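# Fold and geometry: a report
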Amino acid sequence: MNKKFKDLDASDNIETIASTLRSALAEYQAEYEKMKSDGVIDDEELNRIITTMQELEFKARTLKTSMTAPNEIQIMDEIINIINAEQVKMTNIKNNPMEEVKTESVQMEM
């Protein structure tokens, strides 16, 4: 049975937690990329994805507080950093939609 990230708790092992968080992150990254690919970024959809990414990060941080093993804490820190970086990227696009267009056009010219 595949867990949803909202169903995770401190009794889950690190492998389950890490794989569930990474899976959710990949799902939202794919949704974001699909949204960008059609050339129109719907503010409502983007806000929903950003909010969900914030929930994902909050869940990861909450679970991390119950961990004591250094390797588990390190894994959680890495996941939190990736989630946070994606959130920042999405928030920047939301706040500066023309930056994304410029970035894409420069990449196409290369």
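Everything that follows concerns the structure shown earlier in this document.
A brief report on the enclosed structure follows. From a predicted model like this one, the values you see are computed outputs, not experimental measurements.

### Some points on the overall build of the chain
On a plain count of helices and strands, the chain comes out with four helices and zero strands. Start at the N end of the chain and walk to the C end: the helices and strands fall as α-α-α-α. Within the span of the chain, comprising 110 residues, buried residues form 31% of the whole. Split by element, the accessible area of the chain, about 7,200 Å² in all, is 52% carbon and sulfur.

### As for the side chain of Thr52
Looking at the secondary structure, you find Thr52 in helix 2 (residues 43–65). Judged by its relative accessible area of 10%, Thr52 is buried.

### Points about the environment of Ile93
Mapped onto the elements, Ile93 comes out in helix 3 (residues 70–95). Assessed through its relative accessible area of 8%, Ile93 is described here as buried. Along the primary structure Ile93 and Leu46 are separated by 47 residues, whereas in three dimensions their C-alpha atoms are 9.2 Å apart.

### Observations regarding the pattern of salt bridges
Tallied over the full model, the rule gives seven salt bridges. Close ionic contact of Glu55 with Lys6 constitutes a salt bridge, the shortest N to O distance being 3.2 Å. In this pair, Glu55 sits in helix 2 while Lys6 sits in the segment before helix 1 (14–37), placing the two residues 49 residues apart along the sequence. When the shortest N-O distance is used, the salt bridge between Glu86 and Lys89 registers 3.2 Å. On the criterion of helical spacing, the pair formed by Glu86 and Lys89 is a turn pair, its members being three residues apart in helix 3. A relative accessible area of 11% means that Glu86 is categorised as buried. When salt bridges with common partners are traced through the structure, they connect Glu31, Glu45 and Arg48 into a single cluster.

### A short note on helix 3
Between the first and last C-alpha of helix 3 there are 37 Å, a value that for 26 residues agrees with the 38 Å anticipated at 1.5 Å per step. Of all the residues in helix 3, the buried ones are Met76, Ile79, Ile80, Ile83, Glu86, Gln87, Met90 and Ile93.

What counts, and at which threshold
One numbering rule holds for all chains: residues counted from 1, following each sequence as written. In keeping with the predicted nature of the model, local features appear solely for residues at pLDDT of at least 70, side-chain atom pairs appear and are counted solely at 80 or more, and the whole-chain, interface and lining totals rest on all residues. With hydrogens and water set aside, each side-chain value is computed from the structure's full complement of heavy atoms. Runs of E in the DSSP output that reach at least two residues are strands. Runs of H or I that reach at least four are helices, and both are numbered from the N terminus. Between buried and exposed lies partly exposed: a residue is buried under 20% and exposed over 50% of the maximum accessible area for its type, with that area taken using a 1.4 Å probe on protein chains only. Only the protein chains shown count as cover for residues, with accessible areas throughout obtained via the Shrake-Rupley method and a probe of 1.4 Å. One speaks of a salt bridge when a side-chain nitrogen belonging to Lys or Arg is within 4 Å of a carboxyl oxygen belonging to Asp or Glu. Given the number of residues in a helix, its expected span is that number minus one, multiplied by 1.5 Å.

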